[in-house]
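Structural characterization, general
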Amino acid sequence: MSDDMKVLVLNGPNLNRLGKREPGIYGSTTYDDLAASLVAHGRKRRLAVEVRQTNHEGDLIGWLHEAADEGCPVVLNAAAWTHTSVAVGDACAQLTGLLIEVHISNVHRREPFRHHSYISAHATGVIVGLGVRGYEHALDFIADEAQTDIE
């Protein structure tokens, strides 16, 4: 696994409640099931996926700094901080690797405050509304880009 590219999958507040929180919006997949499936999916794509979740903004910012210093790609679902945190946006601006912003629900079909993102301006791409499969699509994109760089 030492040849596999490290990818951080970072999740913000309340995502630890997946499977319990508003399943009509976020689905029935639990956070633990999501994390395990992403690690397994990453392994198939030669990615060393680390999945992390926090309800503390400073933790997320620290992890983004870590990714910036290491140059590793990030899949980020900052949850509510997407729409409220200039600090998270500023940390994203420092990233040197790929950044894929992911949202389980289609934020553009929801409340107006969710239509704005402090992250999107810094993201390589944004995936919204594809449920938890959006994370796999993000990992696939990162793996494909890494393969393109090798060729």
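Looking at an unreviewed UniProt entry, the protein carries the name 3-dehydroquinate dehydratase, with the source organism given as Glycomyces artemisiae. Under the UniProt heading Catalytic activity (unreviewed entry), the entry covering the protein gives this text: "3-dehydroquinate = 3-dehydroshikimate + H2O". Under the heading Pathway (unreviewed entry), UniProt records this for the protein: "Metabolic intermediate biosynthesis; chorismate biosynthesis; chorismate from D-erythrose 4-phosphate and phosphoenolpyruvate: step 3/7."

When helices and strands are tallied, the protein shows six helices and five strands. Listed N to C, the secondary structure of the protein is β-α-α-β-α-β-α-α-β-β-α in terms of helices and strands. Counting only C-alpha atoms and orienting by the principal axes, one finds that the protein spans roughly 45 × 30 × 25 Å. Looking at the protein as a whole, 44% of its 151 residues qualify as buried.

Mapped onto this numbering, the UniProt entry annotates "site: Transition state stabilizer" (unreviewed entry) at Arg-21. Mapped onto the elements of the fold, Arg-21 is located in the loop between strand E1 (5–11) and helix H1 (23–26).

Strand order in the open sheet formed by five strands is E2-E1-E3-E4-E5, with parallel pairing between adjacent strands. Lying at the two open borders of the sheet, with one neighbouring strand each, are strand E2 (47–53) and strand E5 (125–128). Strand-to-strand twist of the sheet, defined as the mean angle between neighbouring strand axes without regard to direction, takes the value 20°. Here strand E3 (residues 74–77) runs beside strand E4 (residues 99–103); their pairing, made up of three bridges, is parallel. The partner of Val-74 across the bridge, within E4, is Leu-99. The strands touched by helix H2 (residues 31–44) within the sheet are E1 and E2, with E2 carrying the most contacts at an inclination of about 165°.

For the rest of this paragraph, the subject is the UniProt feature "active site" (unreviewed entry) in the protein. Mapped onto the present numbering, the UniProt feature "active site" (unreviewed entry) falls at Tyr-26 and His-103. By the element assignment, His-103 lies in strand E4. Overall, His-103 belongs to the buried group, its relative accessible area being 6%. Not counting residues within four places of it along the chain, the set of residues in contact with His-103 comprises Asn-77, Thr-82, Ile-127, Val-128, Gly-129 and Leu-130. Looking at His-103, its side chain comes within polar contact range of the side chain of Glu-101, at 2.7 Å.

Before going further, it helps to examine H2. In this model, H2 (14 residues) spans 20 Å end to end at C-alpha, consistent with the 20 Å of a helix rising 1.5 Å per residue. Residues of H2 that are buried: Tyr-31, Leu-34, Ala-35, Leu-38, His-41 and Gly-42. In an axial view of H2, the angular spread of the buried residues amounts to 130°, which keeps them on one side of the axis. Along H2, exposed side chains directed more than 90 degrees from the buried face belong to Asp-32 and Lys-44.

Counted residue by residue, E2 has five buried out of seven residues, so it is predominantly covered. Inspection of the sheet shows E1 paired to E2 by seven bridges, in the parallel sense. Residue pairing across strands places Leu-10 opposite Arg-52, the latter belonging to E2.

Counting buried positions along E1 gives five out of seven residues, so the element sits mostly inside the fold. Direction of pairing for E1 relative to E3: parallel, over a ladder of four bridges. Paired with Leu-10 across the strands is Leu-76, a residue of E3.

Cut-off values and rules
- Residues numbered from 1 in each chain as written.
- Predicted model: local features only at pLDDT ≥ 70, side-chain atom pairs only at ≥ 80, totals over all residues.
- Heavy atoms only, no water.
- UniProt positions renumbered as here; feature names shortened; annotations may be inferred.
- Helix = DSSP H or I, 4+ residues; strand = E, 2+ residues; numbered from the N terminus.
- Buried < 20%, exposed > 50% of the residue type's maximum accessible area, 1.4 Å probe, protein only.
- Pairing = 2+ DSSP bridges.
- Axes fitted to C-alpha atoms, helices over the stretch in contact; angles between N-to-C directions.
- Contact = heavy atoms within 4.5 Å.
- Polar contact = N/O pair within 3.5 Å; in protein donor to acceptor, adjacent residues only side chain to side chain.
- Expected span 1.5 Å × (residues − 1).
- Arc of directions from axis to C-beta.

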